[in-house]
6 protein chains.
Amino acid sequence: MANNPLAHLTRRYEFSASHRLHSNQLSEDENWEVYGKCNNPYGHGHNYYLEVTVAGRVDSATGMVVNLVDLDRVVKEEVLDYFDHKNLNLDLECFRDLVPTSENLLLEIADRLEKRWDRETAAGSSRLVKAKLQETGKNFFEYRYP
Amino acid sequence: MANNPLAHLTRRYEFSASHRLHSNQLSEDENWEVYGKCNNPYGHGHNYYLEVTVAGRVDSATGMVVNLVDLDRVVKEEVLDYFDHKNLNLDLECFRDLVPTSENLLLEIADRLEKRWDRETAAGSSRLVKAKLQETGKNFFEYRYP
Amino acid sequence: MANNPLAHLTRRYEFSASHRLHSNQLSEDENWEVYGKCNNPYGHGHNYYLEVTVAGRVDSATGMVVNLVDLDRVVKEEVLDYFDHKNLNLDLECFRDLVPTSENLLLEIADRLEKRWDRETAAGSSRLVKAKLQETGKNFFEYRYP
Amino acid sequence: MANNPLAHLTRRYEFSASHRLHSNQLSEDENWEVYGKCNNPYGHGHNYYLEVTVAGRVDSATGMVVNLVDLDRVVKEEVLDYFDHKNLNLDLECFRDLVPTSENLLLEIADRLEKRWDRETAAGSSRLVKAKLQETGKNFFEYRYP
Amino acid sequence: MANNPLAHLTRRYEFSASHRLHSNQLSEDENWEVYGKCNNPYGHGHNYYLEVTVAGRVDSATGMVVNLVDLDRVVKEEVLDYFDHKNLNLDLECFRDLVPTSENLLLEIADRLEKRWDRETAAGSSRLVKAKLQETGKNFFEYRYP
Amino acid sequence: MANNPLAHLTRRYEFSASHRLHSNQLSEDENWEVYGKCNNPYGHGHNYYLEVTVAGRVDSATGMVVNLVDLDRVVKEEVLDYFDHKNLNLDLECFRDLVPTSENLLLEIADRLEKRWDRETAAGSSRLVKAKLQETGKNFFEYRYP
């Protein structure tokens, strides 16, 4: 094994939110055809599980890639405080013109984390690798940072 | 072991819904104090997992307490069709004057199942024993039929 | 809390088996109607999870209700060695005239454990309370010892 | 369904601790025979999952049996602050003369919760029903309050 | 984040089947040595979990990579209808001369999905990335499309 | 699909250990600041889950990438026998001067597996791809072999 090898750490978070799937670019009939009961006017909701993966060299003094306390603080401020216990359509600016599908929700989360991580001193030499969003026990979505 | 012993079967279902916790019997301040961010005006949501437990003698011809196809039909018609992909506060008559906490949602579900089971010929000699509702990975609620 | 209170311990086991649901007491058409694709002539299979619950006073010297090593030995000899990696219909005497539904499989397991536990010196003053058999992630079955 | 029926709520918590299984009432040889590698002098550890179950009538104003915020506070103060990230043998008074098996750890937890719940005003009319301690993915232990 | 980034979606499916591990290229003794109790003549079975991963650009009108309704239809027709509740050795042409290990079962599934996806109009610009087959809670197998 | 494609297999293992996070390169105050309650002098513990991933061509005679019996033997001898039911700080040579964080524990495991795999005849043409170590339900760590 090489000296000072790379390790990946992943941390799991949970939040709850509601949404309605409805696209302004589609007719009422098309919306129903594409989204089915997810198009219900008053919305429905999910418990979302988010996994954030960070990669870096293991610090020889601390034995860590990044301190989980720091990662928790970033995810709380950028993701949980913003999305938890919200109606994605009505409470959030970012979904004013964007359908809050899990794909779009994931990309919003990944973007918020990326902008913060670049200026986060606690990030050290680590970098964001992946964000994974689980919508139900049967579906999950991943964004892999380039 | 006695002849023809009793066995319990439990089946797991999933549905998604949104809700806002807000009581008409409390002031705005009291609502916030009791429900915290669950009082957010536009609501939030969950994936709910429901487990229904039925007990009965094992039929000597079929080897079953009750056919799962029959149980699935009852739960679909009484619970899933009614609650899945709904806003509990705005879509449903039963929560017009009742706060849609998990406790109240569970009791509504248990009541709907009980009324149907009594007149369901496929139930045979089996009886409802328990309904269990999981709100998140950390919380669940049970009603035990008397 | 009373002196020397009762505690319950539960241990989880896994085995794999195949079966075909077919009743000699039903016609071909009735078999298909009752069991659907589970009536496929060549059978199908499952990973079964078994949970065995034992209750007893906590031994003041060892701090245990029963030693898990002893419980494991009993379950291995009475259940796993007998049912694991078997075709329930073709390999096992007990299902010659009995449909190997999960209900009947559970009752066979509960019966074998009960007969052994009564003469097992390592059982001490503990007693069998429950056997629970999980067939898939959505179904499980319980037998509660009287 | 009766008016104002009883509902059970269960909440899941997690903590990590280390222990060594060794009884002062047994010889060195007996300790090794009873506990095997759990008798390793320097100890080992577990992630413990605790589930606390409370039963009560659903409050007509709030729709709750008990507020989870209150339950969380009690469990934090009585259990998590006391046992989390501890060496059960060396850090805790209660295991000075008691083997820290999962059975004994569960009974200590159940006792601490019971003493507190009786004088906890937020408990309202609810009562403790069950404490369940999971030691690994294969073992769990339950105490049922009388 | 780049405009119109790539996202991965994964969907989980379940089916049950039985099999016997036996190779025509090995002697009886070699079969027993290689497969152990999985070589039992009458077979055994599993609940298999399949996860299919698809990658693509998020459609700006629908907010989706691919509609899950379309993915479900493809997997149902190509995998579930073919393998669910079957005896892999006796019911299926593809395992006439091929040992139905999880590796070979996975490759059959991956191949069937690939042939269909290429001519599936609902696939849009998305492509198959991975197929993952879980045999038990302890084993899983992956094929990564090139 | 290409002839004789590559498949990945992953197998899950479990062990229990205790540790104290304390770095000789940091002052007492710095240790407390970096590790918090994980710096408790007497330590705490975890159930660790290890997933080992191996990739290779599927053998045409056996239908396997590698026999799980062989993989189990290697992981038992190199990892489980060495780390299970141990105090990582006090029992193990490798953590004399290295903080036993999950990152460092993972790298030790990955290194031990790599050295053995290279000289393991049962490995055939397969190679180690990934080692993944789960510390709690919320954290996991991965090493990807180059």
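Residues numbered from 1 in each chain as written. Chains lettered and ligands numbered in written order. Predicted model: local features only at pLDDT ≥ 70, side-chain atom pairs only at ≥ 80, totals over all residues. Heavy atoms only, no water.

Quick notes on the packing of helix α2 (residues 68-83) of chain B against helix α4 (residues 102-117) of chain B
Packed helices, taken two at a time, are described by the angle their axes make and the gap between the axes. Residues and elements named next belong to chain B. Put simply, the rule is: Lines are fitted to the C-alpha atoms to define the axes, a helix being fitted only along its stretch in contact, and any angle between axes, read from their N-to-C directions, falls within 0 to 180 degrees. Where helices and strands are cited, they refer to DSSP runs of H or I of at least four residues and of E of at least two residues respectively, numbered from the N terminus. In what follows, roughly perpendicular refers to angles from 65 to 115 degrees, roughly parallel to angles under 35, roughly antiparallel to angles over 145, and oblique to any angle outside these ranges. The handedness criterion is simple: a crossing whose near helix is rotated anticlockwise from the far helix by less than a right angle is left-handed, and one whose near helix is rotated clockwise is right-handed. Should any heavy atoms of two residues lie within 4.5 Å, those residues are considered in contact. Gly is placed with the polar residues, together with every amino acid not listed as nonpolar (Ala, Val, Leu, Ile, Met, Phe, Trp, Tyr, Cys and Pro) or charged (Asp, Glu, Lys and Arg).
The N-to-C vectors of α2 and α4 enclose an angle of 140°; their axes lie 10 Å apart at closest approach. The angle between α2 and α4 falls in the class oblique. Seen along the crossing, α2 lies across α4 with a hand that is right-handed. Together, L71, R73, V74, V75, E77, E78, V79, Y82 and F83 of α2 and L105, E108, I109, R112, L113, R116 and W117 of α4 make up the contact between the two elements. Among the residues forming the contact of α2 with α4, the class breakdown is ten nonpolar, no polar and six charged.

Brief notes about the packing of aromatic side chains
Selection rule: For Phe, Tyr and Trp, rings pair up if their centres lie within 6.5 Å, where Trp contributes its six-membered ring, and each pair is then called stacked (planes under 30 degrees apart), edge-to-face (over 60) or tilted (otherwise). Accessibility here uses a 1.4 Å probe with only protein chains present; expressed as a share of the type maximum, an area under 20% marks a residue as buried, one over 50% as exposed, and anything in between as partly exposed. Any Lys NZ or Arg CZ found within 6 Å of a ring centre and within 35 degrees of that ring's normal is scored as a charge over the ring.
Under the defined criterion, the tally for this structure stands at 24 aromatic pairs over all chains. Where F15 of chain A meets Y48 of chain A, the ring centres are 5.2 Å apart and the plane angle is 25°; that geometry is what we call stacked. One end of the pair, F15 of chain A, is in strand β1 (residues 6-19); the other, Y48 of chain A, is in strand β2 (residues 44-57), and 33 residues separate them in sequence. Here F15 of chain A and Y48 of chain A have matching classes, each one buried. The residue whose ring lies beneath K132 of chain B is F140 of chain B, and the NZ or CZ to ring-centre distance is 4.2 Å.

Some points on the relation of the copies chain C and chain E
The condition is simple: Each copy is superposed on the other by least squares, with the fit set by C-alpha atoms of residues at a pLDDT of at least 70 in both.
Superposing chain C onto chain E takes a rotation of 180° plus a shift of 0.0 Å along the axis, which leaves an RMSD of 0.0 Å. What the rotation and shift describe, once combined, is the action of a two-fold rotation axis.

Observations regarding the interface of chain A and chain B
Convention followed: Accessible surface is computed with a 1.4 Å probe, and the buried area is the amount of it that two parts give up when combined, taken over both parts together. We count a salt bridge whenever a side-chain nitrogen from Lys or Arg sits within 4 Å of a carboxyl oxygen from Asp or Glu. Here a polar contact is taken to be a pair of N or O atoms separated by no more than 3.5 Å, where protein atoms must pair a possible hydrogen donor with a possible acceptor and residues adjacent in sequence count only if both atoms sit in side chains.
Contact with chain A, which involves 23 residues of that partner, is made by 23 residues of chain B. Summed over both sides, the interface of chain A with chain B buries roughly 1800 Å², with 49% coming from carbon and sulfur. The largest contributions to the chain A side of the interface with chain B come from Y42, N47 and H85 of chain A, which together make up 33% of the buried area. Counting every contact that joins chain A to chain B gives two salt bridges. Residues D84 of chain B and K37 of chain A are paired through a salt bridge, measuring 2.6 Å at the closest nitrogen-oxygen approach. On the surface where chain A and chain B come into contact, there are 19 residue pairs in polar contact (both at pLDDT 80 or more). For the side of chain A that touches chain B, the class distribution of residues is five nonpolar, twelve polar and six charged.

Focus: unusual backbone geometry
Trans peptide bonds make up most of the peptide bonds, and negative phi angles are found at most residues other than glycine. Of note in this structure, H85 of chain B is not a glycine but carries a positive phi near 60°. Mapped onto the elements of the fold, H85 of chain B is located in the loop between α2 and β3 (86-87).

Examining the side chain of H22 of chain E
Structurally, the position occupied by H22 of chain E is in the loop between β1 (6-19) and α1 (28-35). Within polar-contact distance, the side chain of H22 of chain E engages the side chain of N39 of chain E at 3.1 Å.

A word on the environment of L107 of chain F
Looking at where L107 of chain F falls in the secondary structure, it is placed in helix α4 (residues 102-117). Taking the C-alpha atoms as reference points, L107 of chain F and G45 of chain F, separated by 62 residues in sequence, lie 19 Å from one another. Excluding residues that lie within four positions of it along the chain, L107 of chain F makes contacts with M1, P5 and V58 of chain A together with Y143 of chain F.

Considerations on the arrangement of the chains
No part of chain A reaches chain C; the closest C-alpha pair between them is 11 Å apart. The closest approach of any C-alpha atom in chain C to one in chain F is 14 Å; the two make no contact.

So, the layout of surface pockets
Keep this limit in mind: Here the term cavity refers to a set of points on a 1 Å grid, laid over the protein atoms alone, in which a 1.4 Å probe fits but cannot get out; the term pocket refers to an open set having protein on both sides within 12 Å along at least five of seven lines, with lining residues being those that place an atom within 4 Å of a point. Grid points are joined across faces, edges and corners, and a volume is the space filled by probe spheres set on the points.
As a volume, the second largest pocket reaches approximately 780 Å³. Within the residue set of the lining of the second largest pocket, elements represented by two or more residues are α3 (88-91) of chain A together with α3 (88-91) and α4 of chain B. Among the elements that make up the lining of the second largest pocket, the one with the highest residue count is α4 of chain B (four residues). Tallied by class, residues from the lining of the second largest pocket come to 16 nonpolar, 16 polar and seven charged.

A look at the pairing of strand β4 (residues 127-136) of chain D
All names here are of chain D. Cut-off, in case you're wondering: The rule for pairing is simple: two strands pair if DSSP sees at least two bridges between them.
Where burial is concerned, most of β4 is hidden: eight out of the ten residues are buried. Here strand β2 (residues 44-57) runs beside β4; their pairing, made up of seven bridges, is antiparallel. Bridge pairing in β4 links E51 to K132. In this structure, β4 lies alongside strand β5 (residues 139-144), joined through six bridges in antiparallel fashion. Bridge pairing links T136 to N139 in β5. Hairpin connection from β4 to β5: two residues lie between these consecutive antiparallel strands.

With respect to the confidence of the model for chain A
Stated formally: The pLDDT value expresses, per residue, how confident the predictor is, ranging between 0 and 100.
For chain A, mean pLDDT is 96; residues scoring 70 or higher make up 100% of the total. The complex prediction reports pTM at 0.96, with the ipTM value standing at 0.94.

Comments concerning the pattern of salt bridges
This structure, assessed with the given rule, holds 84 salt bridges over all chains. Notably, a salt bridge pairs R73 of chain F with D70 of chain F, separated by 3.0 Å at the nearest N-O pair. You can see R73 of chain F and its partner D70 of chain F sitting in helix α2 (residues 68-83), three residues apart, about one turn around the helix. Members of the salt-bridge network, linked through shared partners, are D70, R73, E77, E78, R116 and E120 of chain A.

Focus: the side chain of T101 of chain A
Considering the arrangement of structural elements, one finds T101 of chain A in the loop between α3 and α4 (102-117). With a relative accessible area of 3%, T101 of chain A lands in the buried category. Here the side chain of T101 of chain A touches G63 of chain E through a polar contact of 2.5 Å, landing on its backbone oxygen. Residues in contact with T101 of chain A, not counting those within four places in the same chain, are L21 and Y35 of chain A together with T62, G63 and M64 of chain E.

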